[in-house]
Amino acid sequence: MLLRETLKPAATLLVLAVALQSPAAWSETTIICTKPGVPLCMSDTTTFVSADKMATCQFEVKEYVDKTMDYLRCLNEENTSTGQELTRNVERFNCRLSGRNCG
C-alpha cells in the first residue's frame with residue numbers, strides 16, 4: 001500500500017508535466033536515427049572459408065551499407081530540422097525582445 005501511495009503522486013506529476021507542455025512542443029517533429037551495427041560475419045574467422053558463408057556475409061554487408069546510407073540521410077534530416085527549429089526560436093525570441101506580439 002505504501003508503494004502505491006508513493007507512486008500515485010509521481011504519476012500525477014508526470015501527467016501534469018505532459019499536459020502543461022506548450023502546443024508548440026507537441027507539434028515539433030522528433031527524428032530518431034538508429035545507427036546500424038557492423039555485420040558480425042565480418043569478424044568471424046570462418047566467414048571467408050566457405051563460399052556459402054561468404055555469400056551470406058556479402059548480403060549482410062549490402063544490407064549494412066543500405067541501412068548506413070539511410071542512417072546518414074536521417075542524420076542530415078535531423079540536422080536540417082534542428083537548424084530550422086533553432087532559427088525559428090531565435091527569431092521568435094528577437095521578435096519578443098523588440099516588444100512586438102509574436103505569438
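Keep in mind that what you see is a predicted model, and the values were worked out from it rather than measured.

Help me out: how do you make sense of the state of the cysteines in this one?
Disulfides are covalent bonds that connect the sulfur atoms of two cysteines. Applying the stated criterion across every chain yields a total of three disulfides. Here Cys-33 engages in a disulfide with Cys-74; their sulfurs sit 2.0 Å apart. Here the S-S torsion is close to -85°, and the disulfide linking Cys-33 with Cys-74 is therefore left-handed. Taken together, the residues Cys-33 in the loop between helix 2 (23-27) and helix 3 (51-97) and Cys-74 in helix 3 connect sequence positions 41 residues apart. Residue classification places Cys-74 among the buried residues on the basis of a relative accessible area of 15%. Linked covalently through their sulfurs, Cys-41 and Cys-57 form a disulfide whose S-S length is 2.1 Å.

Can you help me understand a nonpolar patch on the surface in this one?
Residues Val-65, Met-69 and Leu-72 make up a contiguous nonpolar surface patch of roughly 250 Å² in combined accessible area. Take Leu-72: it is sitting in helix 3.

I would appreciate a short explanation of the pattern of salt bridges in the present structure.
Two side chains bearing opposite charge may form a pair once their charged atoms approach each other closely. Scanning all chains against the criterion turns up two salt bridges. Across the pair Asp-66 and Lys-62 runs a salt bridge whose closest N-O atoms are separated by 2.9 Å. One end of the pair is Asp-66 and the other is Lys-62, both in helix 3 and four residues apart, which spans about a single turn. Residues Asp-70 and Arg-73 are paired through a salt bridge, measuring 2.5 Å at the closest nitrogen-oxygen approach. Of this pair, Asp-70 and Arg-73 both sit in helix 3, three residues apart, which is roughly one turn of the helix. Using a relative accessible area of 45% as the deciding quantity, one classes Arg-73 as partly exposed.

Quick notes on the rules
Residues numbered from 1 in each chain as written. Predicted model: local features only at pLDDT ≥ 70, side-chain atom pairs only at ≥ 80, totals over all residues. Heavy atoms only, no water. Disulfide = S-S within 2.5 Å. Helix = DSSP H or I, 4+ residues; strand = E, 2+ residues; numbered from the N terminus. Buried < 20%, exposed > 50% of the residue type's maximum accessible area, 1.4 Å probe, protein only. Patch = residues over 30% accessible without salt bridge, like charges linked within 9 Å, V, L, I, M, F, W, Y side chains within 5 Å. Areas by Shrake-Rupley, 256 points an atom, 1.4 Å probe, with all protein chains shown as cover. Salt bridge = Lys/Arg side-chain N within 4 Å of Asp/Glu carboxyl O.

None of this, on its own, says anything about what the molecule does.
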